Amino acid sequence: MTPHSSTQQLTEYISAVSAPADETSAVDAAVRCALATFSAEVCAAVVEQAVRGYLGPDNSPPPLGLVGVQTGATSLAVDGLGTLHAAVAHTDKDPHGALIVAREQRPFSADEHDLLSAMARALGLALRGLRTLATGRTMLAAHERDSDERLRLLSALGTRQRLLETVLNIQRSISNRKPLQEILDTVTASAASLLDRAAVTLVLPDSGSGGLRPASYGGPSERIGDSLVLAAAADSIEASCVVARTDDGGGDADRYRSIVAAPVVIRGVAAGSLAAETGNSHGYAVEQRELLTAFAQQVSLALTEAKTADAMHEAQHDTVTGLPNRALFLERLSHAIEAGNKRVADVTILLIDLHRFKAINDSLGHKAGDAVLAAVAKRISANLRSGDVVARVGGDEFGVLLEGAGGVVGARAARSIIDAIREPLRISGRSVCLSACIGVAASCTSSADSGDLFNSADLAMNRAVMAGPGRIEIYEPHMHAEIRERINLLDDLQTALARTELRLQYQPLVDLETGRPVGVEALARWRHPQRGEVSPATFIPLAEETGLILDLGLWILREGCRQVAEWRDVLPDIRLNINVSARQVLDPDFATGVAQALADVGLPSPTLTLELTETMLMGDPEQAVVRLGQLKSLGVHLSIDDFGTGYSSLSYLQQFPVDQIKIDQTFVSGATTSENQLAVARTVMDLGRTLRLETVAEGIEDDQQLQLLRDLGCDLGQGFLLARPMEAAAVPDYFRHPVTRR
Ligand code: C2E
Ligand code: MG
Ligand code: MG
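Residues numbered from 1 in each chain as written. Chains lettered and ligands numbered in written order. Predicted model: local features only at pLDDT ≥ 70, side-chain atom pairs only at ≥ 80, totals over all residues. Heavy atoms only, no water.

**Q** What should I look at first to understand the coordination of the magnesium ion (ligand 3) in this one?
**A** In a perfect tetrahedron of four donors around a metal, the angles come out at 109.5 degrees. In a perfect octahedron of six, they are 90 or 180 degrees. Within the protein, the atoms that donate to the magnesium ion (ligand 3) are D641 (OD), D642 (OD), E698 (OE) and E698 (OE), at distances of 2.1 to 2.5 Å. Sequence spacing of the donors to the magnesium ion (ligand 3): D-D-x55-E. Separating the magnesium ion (ligand 3) from the magnesium ion (ligand 2) is a distance of 4.0 Å, and D641 supplies a donor atom to each of them. Of this pair, D641 sits in strand β23 (residues 637-643) while E698 is found in the loop between β25 (694-697) and α23 (703-712), placing the two residues 57 residues apart along the sequence. (Donors = N, O, S within 2.8 Å, 3.2 Å for Na, K, Ca; no water. Helix = DSSP H or I, 4+ residues; strand = E, 2+ residues; numbered from the N terminus.)

Pasting the structure below:
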């Protein structure tokens, strides 16, 4: 139960209890309302030693022992239900009056106890008001009293009624989330007015000094929180009950003062006090003390509500951007879907992933990272309609909720958000360029369930991320089937290693001048028990995405090294090329793993060449330079695979300590048919020569290509024409009797 709902419930309760014109109906209303509020099985109202209202299972009679049950009681035995959790609150003026609730499900929280005691007090007030009225009526009817007494009764009745109305007003302000100070000022002003224009001060703990401070004042003169008021307040907090303090003014009747203070209790602890100065020498009557206590209770409720409202806001918002967080986004999404179902309108969500945000955070620091997030949040919001919801749903992920909009509107919004994010940002005096990927899902094509819709957008976003920065993907149902298929495959891949379904094939690298093989490239193979051979182009990216590549890559490395070390007895000069992925190179343990794999089988490090791709190096070039340096210091060689397909810049190429470049198959096959491709192939060879790198041509399939590459001065060749990837057992034979092509 949140205090927001509790104040609302209390407001409803007070309206219900104060409306009836007779006691029985008021008690019935109280019992009905309390039963519902606490989701209780049993609710009883004891008034003047009798159970006057009861609701239990199947109209059963009230259990014995309700009269006289004490406030601290936490259980209640009920026929047919056994022992239930109970809460009891007394209706103060009536020593035996109580409101009792009991339920099976769970014990009552401190907040619920507070609410119940406010309810019990309101019932007491309502009943006494009605009784005064009834007595007044009787008396008036009998014409037995003098007019003074009639007037007193009528004024007492008026006070009760005004109190109930005032309390109801305050409750409404709390429910409507009026500013806390406004509510507190209403309480002190109302208390002052009901206490015959007394000076009422609310005293609360001062978080700065640890002492007490006057927090609100209501009344005729500005005598705020002098020492006598503060002392009375401190006494009432200390004693946890209403106390009075007087100052006889040194015998001067004009300076005589009397203060009554009632504690303000928050979560069971007296934390503040509501103090009223009577302005006369008689102090306050019991009735008025009770009024003061009722107002102190309103302060308690308002404070609890405010605290929890703050906590709720904090729990539901992101502090960096001020936007709703994931939990609140999902809540809003559920509501939007419910509303959308009623209006048969679409709900569309966008999930936005910032590209390379982590790198910005790492290089510019967290403060700058936060500033980037806040700026992005603003740009996203600026591109939406005022009613659309923007939330930060993850570290570098944002969510957008568009009500009454389909996928097309969603995609249009996504496009404008991507364009807005692309605009350079100035952060800490530097210009930062960002890009984003967005997944879009609409309730009409996905599901009318908030969780499913979110997952669909997430799926689309992941596809967009895979496709590259700036991409937008709109969810379509077939994506789920694909992902299920991928998950199945991944499960199988996880066990493939243990089940020895994986093996390596080896494709020779041939010296184009002599035609003799100089080494092999290890290529991973997976024979799936049901699917047959699965291409590395399928399972390697899957392993990369999930991190499984670390284990898989280590196995490939160790197995390749073991095999080549074995061959070196008969083929002493054989070299080994191994493909490695970005995840492996960026893994801090990778270099150690390489050194260990070589040492374990006694393979000299220059025998091994690690193949990396341009794209993976350019993902984080600074980091790559550092990692490659570490690998280089082991003595192994480094090669850039699929050269020409990525975006490596020449300046980085010079900084990467590589030894070999492998020109991609597309340029090899294209070189004989297209002038452009030939130009690329020639440039790569020239580049290799200039930077003194060994050049390898991949995918040579015919004699014409072979001749051309020889003419271009390419050092090594690899391709089906020279040799297909082969099983390990076939390698020694091939090396002894290669099919040389001259
Ligand atoms: P890659 O490293 O560029 O490997 C060369 C690919 O070209 C191999 O495909 C090879 O079979 C194929 N190939 C060789 N000669 C020819 C030819 O003349 N014509 C044609 N059409 N293709 C030729 P494969 O084995 O399917 O491997 C595909 C990619 O999967 C590899 O490209 C590499 O990026 C990745 N891969 C394979 N094994 C591993 C591995 O052990 N670790 C990692 N990280 N990636 C691997
Ligand atoms: Mg390769
Ligand atoms: Mg390649």
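**Q** Help me understand the coordination of the magnesium ion (ligand 2) in this model?
**A** With distances of 2.0 to 2.3 Å, the protein atoms coordinating the magnesium ion (ligand 2) are E521 (OE), N579 (OD1), E611 (OE) and D641 (OD). Along the chain, the residues donating to the magnesium ion (ligand 2) are arranged with the sequence spacing E-x57-N-x31-E-x29-D. Classification of N579 by relative accessible area gives partly exposed; the value is 28%. (Buried < 20%, exposed > 50% of the residue type's maximum accessible area, 1.4 Å probe, protein only.)

**Q** Honestly, helix α12 (residues 450-467) in this entry has me stumped. Any pointers?
**A** An α-helix turns once every 3.6 residues. As a result, residues three or four positions apart point the same way. Helix length check: α12, at 18 residues, gives a terminal C-alpha distance of 26 Å against a target of 26 Å (1.5 Å per residue), a fit within 8%. What α12 keeps buried is the set S450, L453, F454, S456, A457, L459, A460, M461 and A464. The backbone nitrogen of G451 lies 3.0 Å from a side-chain oxygen of the residue at the head of α12, namely D449. Positive phi appears at G468, one or two residues downstream of α12, with a value of about 120 degrees. (Expected span 1.5 Å × (residues − 1). Polar contact = N/O pair within 3.5 Å; in protein donor to acceptor, adjacent residues only side chain to side chain.)

**Q** Honestly, the sheet that holds strand β17 (residues 472-474) in this entry has me stumped. Any pointers?
**A** For sheets, the rule is that strands pair by backbone hydrogen bonds, running either parallel or antiparallel. Pairing is mixed in the open sheet, where 5 strands are placed in the order β12-β13-β11-β16-β17. The two strands at the open ends of the sheet, each matched to only one other strand, are β12 (389-394) and β17. Sheet twist, expressed as the average angle between the axes of neighbouring strands with direction ignored, equals 20 degrees. The sheet contacts of helix α10 (residues 366-382) involve β11 (347-355), β12 and β13 (397-403), and relative to β13 the element is tilted by about 15 degrees. On the sheet, α12 packs against β11, β12, β13, β16 (435-442) and β17 and is oriented at approximately 145 degrees with respect to β16. (Pairing = 2+ DSSP bridges. Axes fitted to C-alpha atoms, helices over the stretch in contact; angles between N-to-C directions. Contact = heavy atoms within 4.5 Å.)

**Q** What is the right way to look at the packing of aromatic side chains in this model?
**A** Here the distance between the centres and the angle between the planes together describe a pair of aromatic rings. Taken as a whole, this structure holds 5 aromatic pairs when the rule is applied. Both rings, one in F329 and one in F454, keep their centres 6.2 Å apart while their planes meet at 65 degrees; by these two values the pair is edge-to-face. Here F329 is found in helix α8 (residues 326-343), whereas its partner F454 is found in helix α12, with 125 residues between them in sequence. Its relative accessible area of 0% is what places F329 among the buried residues. With relative accessibility at 4%, the residue F454 sits in the buried group. A ring pair is formed by Y506 and W567, whose centres lie 4.9 Å apart and whose planes are at 75 degrees; its orientation type is edge-to-face. Taken together, the residues span a long stretch of sequence, with Y506 in strand β18 (residues 502-511) and W567 in helix α15 (residues 549-567) at a distance of 61 residues. The class for W567 is buried, based on a relative accessible area of 4%. (Phe/Tyr/Trp six-rings, centres within 6.5 Å; stacked < 30°, edge-to-face > 60°.)

**Q** Explain the site of ligand 1 here, please?
**A** Around ligand 1 there are 22 residues in total, and R525, N579, D641, E701 and F720 lie nearest to it. Residue D642 places a side-chain N or O atom 3.1 Å away from an oxygen atom belonging to ligand 1. Taking E698, its side chain carries an N or O atom lying 3.0 Å from an oxygen atom of ligand 1. Its free accessible area being 790 Å², ligand 1 has 80% of it covered by the protein chains. Within the residue set of the shell around ligand 1, elements represented by two or more residues are β19 (517-528), α14 (536-546) and β23. Class assignment for the residues of the shell around ligand 1 results in 9 nonpolar, 6 polar and 7 charged. (Near = heavy atom within 4 Å. Areas by Shrake-Rupley, 256 points an atom, 1.4 Å probe, with all protein chains shown as cover. Nonpolar A, V, L, I, M, F, W, Y, C, P; charged D, E, K, R; others polar.)

**Q** Sorry if this is basic, but what is going on with the sheet that holds strand β8 (residues 243-247) here?
**A** Taking strand neighbours across the sheet as the criterion, the 5 strands line up as β7-β6-β10-β9-β8 in an open arrangement whose pairing is antiparallel. Two strands close off the open sheet at either side, each with one partner strand: β7 (212-218) and β8. Taken pair by pair, the neighbouring strands of this sheet meet at an average axis angle of 25 degrees, ignoring direction. Summarising the sheet, strand β6 (residues 199-205) and strand β10 (residues 269-277) pair through 5 bridges and their orientation is antiparallel. From the neighbouring strand, V203 faces β10, where its bridge partner is S273. With respect to the sheet, helix α5 (residues 180-194) is in contact with β6, β7 and β10, its orientation differing from that of β7 by roughly 65 degrees. Lying over the sheet, helix α6 (residues 227-239) contacts β6, β7, β8, β9 (257-266) and β10, oriented at roughly 45 degrees with respect to β9.

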